[in-house]
Amino acid sequence: KDGWFYTGDLGFIDEEGYIHMTGRKKNVIIAKNGKNIYPEEIEYYLSTIPLIKESMVWGRANVNRQDTAVVATIRVDEEAIAVLLGENPTDADIEAALWKEINLLNSTLPFFKKIKDIVLRKEDFEKNTAHKIKRFVEENKK
């Protein structure tokens, strides 16, 4: 389209001519203030936390404040959790350990990108044939 590949990818070209991919047009979360939140960016940051095996970031409408809350559904790395918390930790212990790391991450993000809630997953995410998480499957948000 107009001499460009029309892939739905979003990004920018820096002053040195390098292309930086920031996300996919169909995945973008738009905050109340009109700011764009790219789930893939936040998922990348979450992937640097050793306790997290996989994550999916999505937007949930917040009725009280009429805004969109950034939510991360997380599949924890059970081995890393066992090393940190011992065998058979409670969900509350796991959430506390995750929030400690997520709060550090949130301190580096602008307010509109901060993770406001997490959902723990016990089983793997539903994936497509390319082994990518199916973002628009409601079951993957639970």
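Calculation notes
- Residues numbered from 1 in each chain as written.
- Predicted model: local features only at pLDDT ≥ 70, side-chain atom pairs only at ≥ 80, totals over all residues.
- Heavy atoms only, no water.
- Helix = DSSP H or I, 4+ residues; strand = E, 2+ residues; numbered from the N terminus.
- Buried < 20%, exposed > 50% of the residue type's maximum accessible area, 1.4 Å probe, protein only.
- Core = buried A, V, L, I, M, F, W, Y, C linked by side-chain atoms within 4.5 Å.
- Contact = heavy atoms within 4.5 Å.
- Phe/Tyr/Trp six-rings, centres within 6.5 Å; stacked < 30°, edge-to-face > 60°.
- Lys NZ or Arg CZ within 6 Å of the ring centre and 35° of its normal.

A. Local environment of the environment of Asp93. Locating Asp93 in the fold gives a position in helix α3 (residues 91–106). A relative accessible area of 39% means that Asp93 is categorised as partly exposed. Separated by twelve residues in sequence, Asp93 and Ile81 have C-alpha atoms that sit 9.6 Å apart.

B. Fine view of the nonpolar core. In terms of nonpolar packing, the biggest core is built from 24 residues, with Leu46, Ile74, Leu98, Ile102 and Ile115 touching the most fellow members. Listed by contribution, the elements that provide at least two residues to this core are α1 (39–47), β5 (52–62), β6 (67–76), α3 and β7 (115–121). With five residues, the single largest contributor to this core is α3. Residues in contact with Leu98, not counting those within four places in the same chain, are Leu51, Ile52, Ile74, Val76, Ile118 and Leu120. By size, the runner-up hydrophobic cluster in this structure holds five residues, among which are Met56, Trp58, Val71 and Val119.

C. Quick peek at the packing of aromatic side chains. Evaluated as defined, the whole model comprises one aromatic pair. The ring of Phe111 carries the charged tip of Lys116 above its face, separated from the ring centre by 4.7 Å. Between the NZ or CZ atom of Arg121 and the centre of the ring of Phe125, over which it lies, the distance is 4.8 Å.

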